[in-house]
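Spelled out, the chains give:
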Amino acid sequence: MVDNPYWKAYLFKTTTGQIGPEVSIEEGSGKYSISLNGTETMSATIVKNDISTEKLREYVREWYGGILFTFKGEALCACVITKQPKEYQYTINIEASGIRSVLNKRLLVPEMSDEDYARKLSTSTIYYDRRTLGTIAQDVVKYVTTVKPGGRLPIRYPIAPESMPTSKDNERTYNGFSVANLSCDYVLEKLSNVRNGPDIMFRPVKVEDQLYFDMYHGTKANYRIAQKAVPFWDLTVEGQANSLELISNGEVMTDRVFAIGGGMDTGTAIQVSTKQDRVQEGYPFLETTISSGQQENPSVLKSHAEAALQQNRTPQREITFSVHAWDTDTPWELGNFFVGDLVKIKSKGFINIPDGVNEFRLLNIHGFFGSGMVNMALQEDSQWDYLSRFEESSL
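Definitions and limits used
- Residues numbered from 1 in each chain as written.
- Predicted model: local features only at pLDDT ≥ 70, side-chain atom pairs only at ≥ 80, totals over all residues.
- Heavy atoms only, no water.
- Helix = DSSP H or I, 4+ residues; strand = E, 2+ residues; numbered from the N terminus.
- Rg over C-alpha atoms; globule rule 2.2 N^0.38 Å.
- Buried < 20%, exposed > 50% of the residue type's maximum accessible area, 1.4 Å probe, protein only.
- Areas by Shrake-Rupley, 256 points an atom, 1.4 Å probe, with all protein chains shown as cover.
- Contact = heavy atoms within 4.5 Å.
- Pairing = 2+ DSSP bridges.
- Axes fitted to C-alpha atoms, helices over the stretch in contact; angles between N-to-C directions.
- Core = buried A, V, L, I, M, F, W, Y, C linked by side-chain atoms within 4.5 Å.
- Phe/Tyr/Trp six-rings, centres within 6.5 Å; stacked < 30°, edge-to-face > 60°.

Caption draft 1: Focus on the overall build of the protein chain. Counting its regular elements, the protein chain contains eight helices and 22 strands. Taken over the C-alpha trace, the protein chain has a radius of gyration of 23 Å; the compact-globule value for 395 residues is 21 Å, and the two agree within 12%. Here the protein chain holds 395 residues, and the buried ones make up 51% of them. By element, 48% of the accessible surface of the protein chain is carried by carbon and sulfur atoms, the whole surface being about 19,100 Å².

Caption draft 2: Structural view of the side chain of Ser-273. With respect to the element layout, Ser-273 can be found in strand 17 (residues 270-274). When sequence neighbours within four positions are dropped, the list of residues in contact with Ser-273 reads Asp-255, Arg-256, Val-257, Lys-302, Ala-305, Glu-306 and Leu-309.

Caption draft 3: View of the sheet that holds strand 17. Taken in spatial order, the three strands make up an open sheet running 17-16-18, and their pairing is mixed. In the strand order of this sheet, the two ends are held by strand 17 and strand 18 (287-291), each with one partner. Averaged over all pairs of adjacent strands, the angle between their axes in this sheet comes to 20 degrees, without regard to strand direction. Two strands pair when backbone bridges link them, and strand 16 (residues 256-260) and strand 17 are joined in this way by five bridges, in the antiparallel orientation. From the neighbouring strand, Ala-259 faces strand 17, where its bridge partner is Gln-271.

Caption draft 4: Layout of the nonpolar core. In this structure, Tyr-32, Trp-233, Phe-321, Leu-334, Phe-337, Ile-365 and Met-376 are the most contacted members of the largest nonpolar core, which totals 51 residues. Beyond its immediate sequence surroundings of up to four residues, Phe-337 is in contact with Pro-231, Trp-233, Trp-332, Leu-362, Ile-365, Val-374 and Met-376. Counting 35 residues, the second largest nonpolar core, distinct from the first, contains Phe-12, Val-102, Leu-182 and Ile-200.

Caption draft 5: Structural view of the packing of aromatic side chains. Taken as a whole and judged by the stated rule, the model has eleven aromatic pairs. On the basis of an interplanar angle of 80 degrees and a centroid distance of 4.8 Å, the ring pair of Tyr-6 and Trp-326 is categorised as edge-to-face. With a gap of 320 residues between them, Tyr-6 in the segment before strand 1 (7-13) and Trp-326 in the loop between strand 19 (316-324) and strand 20 (342-347) connect regions that are remote in the sequence. By relative accessible area, which is 32% here, Tyr-6 ends up partly exposed. Look at Trp-233 and Phe-337: their rings are 5.3 Å apart centre to centre, the planes differ by 85 degrees, and that puts the pair in the edge-to-face class. With Trp-233 in strand 14 (residues 232-234) and Phe-337 in the loop between strand 19 and strand 20, the pair connects residues that are 104 residues apart, well separated along the chain.

Caption draft 6: Fine view of helix 5 (residues 184-192). Here helix 5 lies mainly inside the structure; seven of its nine residues are buried. Among all positions in helix 5, only Cys-184, Asp-185, Val-187, Leu-188, Lys-190, Leu-191 and Ser-192 are buried.

Function cannot be read off these values alone, since they describe shape.
Here you go:
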């Protein structure tokens, strides 16, 4: 069992957020991963001897219950049990996913009787306008957690709603005939993936015996989630980071992009963007295509092609390393930084990044329950902008 006073694990109920009994986790089994604009994942082996069979039966049920990891009393990662637990004589193995896994099974369609769905769904619509994309995302979540039978979830909304003048950039129509593409989670993903679309994260918060998921998202002022401070790690100082690795991927580099939109055969909408400066330097000429869904607006398609081309002018660079979960030498212990944060890294001696301080975007943190280290994956901030902001939602 993990014996570390900084770390604790609890069971909770999905729909109410009621925190139940504390559980013991087998050493080396409690794994968590948190990704930007994604669904968290967890796995753990619970030791059965430390909890009554009645409590295990009450909480350890697919979708009904979940597991929460805390660090120094603060919620770190909370996930719903989504797969059938594997039970043994003395332990239970659990696999769980973040609250977005529940939203993935909520469809953004009007609530009606089964008979009415058969007759009316294909002509139904849900329409949002005069608000930011972050506020649309918030309203979508509110809709699927209030109008559905038994739909409540312990989600709070710390970001105030924002209004905007109506324009094509901030209005959305969700048609019932597209029901196969209207899971709430997919709608949130598409809202994040447009140009200047908001980052969206559900951060767990423990208030005594109650668990909440606070929905944070970008705003009109900044599509990124606000942060109180910018974490800094000096990789030139021995001991601040371990297992350092820099990956440079040039497979996506290109000199011409064809953006393919809606239409069929000779009526297909296409726009192209080309730069030949690298050819003059001796590089081979490279071409690629991207799909822009059913988009037929030439200016929008052109912007897709231009953004994708700009995105892939240089290799994608990702840096991974591990830091101390708690460290008296820096203020950046686990819980003081979040996925999505802008991070400053000082480095020296890499051929693919300049010496000195560079800005990165924190895309993922992962590690093990009870561990003194946390692993991180980051990408150059300017590249992250292009990598995730050129796709125009077709919804």
